[in-house]
Amino acid sequence: MAEELAIDGGPKAVQTDPGDIYDWPIITEEDEQAVLDVLRRRAMSARDITEKFEEDFRQWHDMDYCLGFSSGTASLQSAMWACGVGVGDEIIVPSLTYWASALPAFTLQATMVFADVEFESMCIDPGDIEHRITEHTKAIVPVHYCGYPADMDPIMEIAEKHDLKVIEDVSHAHGGLYKGRLVGTIGHVGCMSVMSGKSLAVGEAGMMVTNDRQIWERCIAWGHYGRTRATQWTGEVDEDVITDPELKPFVGLPWGGYKYRMHQMSSAVGRVQLKYYQERMEEIQKAMNHFWDLLEDVPGVLAHRPPEDEDSTMGGWYAAHGLYVAEELGGLPVHKFAEAVQAEGGRCSPGANFPLHLHPLLNEADIYRHGEPTRIANSDRDLRQPEGSLPVTESMPERCYSIPWFKHYRPQIIEEQATAYRKVAENADKLLEE
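Residues numbered from 1 in each chain as written. Predicted model: local features only at pLDDT ≥ 70, side-chain atom pairs only at ≥ 80, totals over all residues. Heavy atoms only, no water.

**Q** Just to check I follow, could you spell out the packing of aromatic side chains for this structure?
**A** The geometry of an aromatic ring pair is captured by the separation of the ring centres together with the interplanar angle, meaning the angle of the planes. Scanning the entire structure with this criterion turns up 21 aromatic pairs. Ring centres of Phe57 and Trp60 lie 5.4 Å apart, and the angle between their planes is 85°; this geometry places the pair in the edge-to-face category. Within this pair, Phe57 and its partner Trp60 are both found in helix α2 (residues 48-61), separated by 3 residues, close to a single helical turn. Assessed through its relative accessible area of 0%, Phe57 is described here as buried. Where Tyr324 meets Tyr401, the ring centres are 6.2 Å apart and the plane angle is 85°; that geometry is what we call edge-to-face. (Phe/Tyr/Trp six-rings, centres within 6.5 Å; stacked < 30°, edge-to-face > 60°. Helix = DSSP H or I, 4+ residues; strand = E, 2+ residues; numbered from the N terminus. Buried < 20%, exposed > 50% of the residue type's maximum accessible area, 1.4 Å probe, protein only.)

Structural data, given as structure tokens:
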């Protein structure tokens, strides 16, 4: 006998107080003391703690170089410049992402070409990249969207074939694995936000990792004055410190005129958070996988997670989402499904990021007073992409939804949330009648 939905007056599926299961980040006295130490030493604008955090982060990723930033956006912009992106150049990036994956190209007088995404991963589709490459293309920016690792092997093959740089945006996927490898370590450079809402949450800050010394030096030169002899004028240049010949004549001032150093209170929090991140991440993974395991046979809802046999993981599962197949529920729109789940006490919101290629800013705005839209101001053709040009991306607002982001493995709470989803899916016909 079918249950009466809560939206129609039935009992709610969710009855248990969730407590702190959704609270994040976990802040303890150890975090507080680390920040107080910086404050009491009046070292907020120093870099001793930042350099220690960079070393912790570098070792975690087993990379040669790491650099802390004021934000993830700053790290992405710096990496783009360090990879040679400049006037008239193009990057290839998914449209289904937060704006910072793409818009920093505008500040470099470059532009972006959007590739479509795969439905199952919501990440850039490797099969939709190569035909978009032109003589102006300098970099590919895959985003590990909502924690799902992008398919990096074919992306790297394409990049090598066309001599392009790959800048991984890891802002959603700290600690995630792609076929056993940490995301961020596969491309030429990995960049990420570590602001307070992310799965590795340290404050308003960003990080960059690379094995390419030139990229590291150039990211310093772009906006980290005072960091090394590469950006501190001494009248002489130490050959062992600066390896990039283009930088040597111009040491002393940041090339971009930016001040991108990481705030030391964020660095202090970062050192403590990273210390416990692996065990906390593993508990999140256990909780989130339990949620999806409970819904494996439910029509209309699909898990957004890699297949078990790939040795790939969702990291800290930031911005957790699920995939929606309306056809399996009689065509029930995702917003009605989400509304009914919410009525059950479940956490669910329809949609994801608005497709960037359809936003007026990417098509009409003249940001730098060129006299024409910034998107095409330095291009030799009109590369704007109208509605219908990226069909999978454009369908995603109706084909996905947010799910609860559990920070602890507490089966009863997780199971009640899963029951809310199951109950609505199994009674979708009632919602279609309304």
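We are not done yet, so read on.
**Q** What is the right way to read the packing of helix α7 (residues 264-294) against helix α11 (residues 411-426) from this model?
**A** Axes are the key here: two packed helices are described by the angle between their axes and the distance separating the axes. Here α7 crosses α11 at 35°, and the two axes come no closer than 9 Å. The interaxial crossing formed by α7 with α11 has right-handed handedness. Contacts between α7 and α11 involve Ala287, His290, Phe291 and Leu294 on the former and, on the latter, Pro411, Ile414, Glu415, Gln417, Ala418, Tyr421 and Arg422. Split by residue class, the contact of α7 with α11 holds 7 nonpolar, 2 polar and 2 charged. (Axes fitted to C-alpha atoms, helices over the stretch in contact; angles between N-to-C directions. Left-handed = near helix turned anticlockwise from the far one by under 90°. Contact = heavy atoms within 4.5 Å. Nonpolar A, V, L, I, M, F, W, Y, C, P; charged D, E, K, R; others polar.)

**Q** Is there a simple way to think about the pairing of strand β3 (residues 111-115) in this case?
**A** Across a regular strand the side chains alternate sides, sitting on one face of the sheet and then on the other. Most of β3 sits out of view: 5 of its 5 residues are buried. Side chains of β3 alternate between two faces, with Thr111, Val113 and Ala115 and Met112 and Phe114 buried alike. As paired strands, strand β2 (residues 90-94) and β3 are joined by 5 bridges and run parallel to one another. Looking across to β3, one finds that Ile91 is bridged to Met112. (Pairing = 2+ DSSP bridges.)

**Q** Can you walk me through the state of the cysteines in this structure?
**A** Disulfide: a covalent bond formed between the sulfur atoms of two cysteine residues. Evaluation of the coordinates by the stated rule reveals 0 disulfides. Cys66 takes part in no disulfide bond, and the closest cysteine sulfur, belonging to Cys191, lies 10 Å away. Look at Cys66 and you get buried, because its relative accessible area is 7%. (Disulfide = S-S within 2.5 Å.)

**Q** How should I be thinking about unusual backbone geometry in this particular structure?
**A** Phi is mostly negative for residues that are not glycine, and the peptide bonds are mostly trans. Here the amide bond leading from Trp24 into Pro25 is cis, since omega sits at 0°, within 30 degrees of zero. Within the secondary structure, Pro25 is located in the segment before α1 (29-40). At Gln109, a residue that is not glycine, the phi angle is positive and equals roughly 65°. Of note, Gln109 is situated in the loop between α4 (104-107) and β3. In this structure, Ala319 is a non-glycine residue whose phi angle is positive, near 50°. Along the polypeptide, Ala319 turns up in the loop between β10 (301-303) and β11 (321-324). For Ala319, a relative accessible area of 23% translates into the label partly exposed.

**Q** Is there a simple way to think about the side chain of Asp128 in this case?
**A** Secondary-structure assignment places Asp128 in the loop between β3 and β4 (137-140). Residue classification places Asp128 among the buried positions, given a relative accessible area of 13%. In terms of polar contacts, Asp128 uses its side chain to reach the side chain of Arg132, at 2.9 Å. Residues contacting Asp128, with those up to four places away along its chain left out, are Ala115, Asp116 and Leu390. (Polar contact = N/O pair within 3.5 Å; in protein donor to acceptor, adjacent residues only side chain to side chain.)

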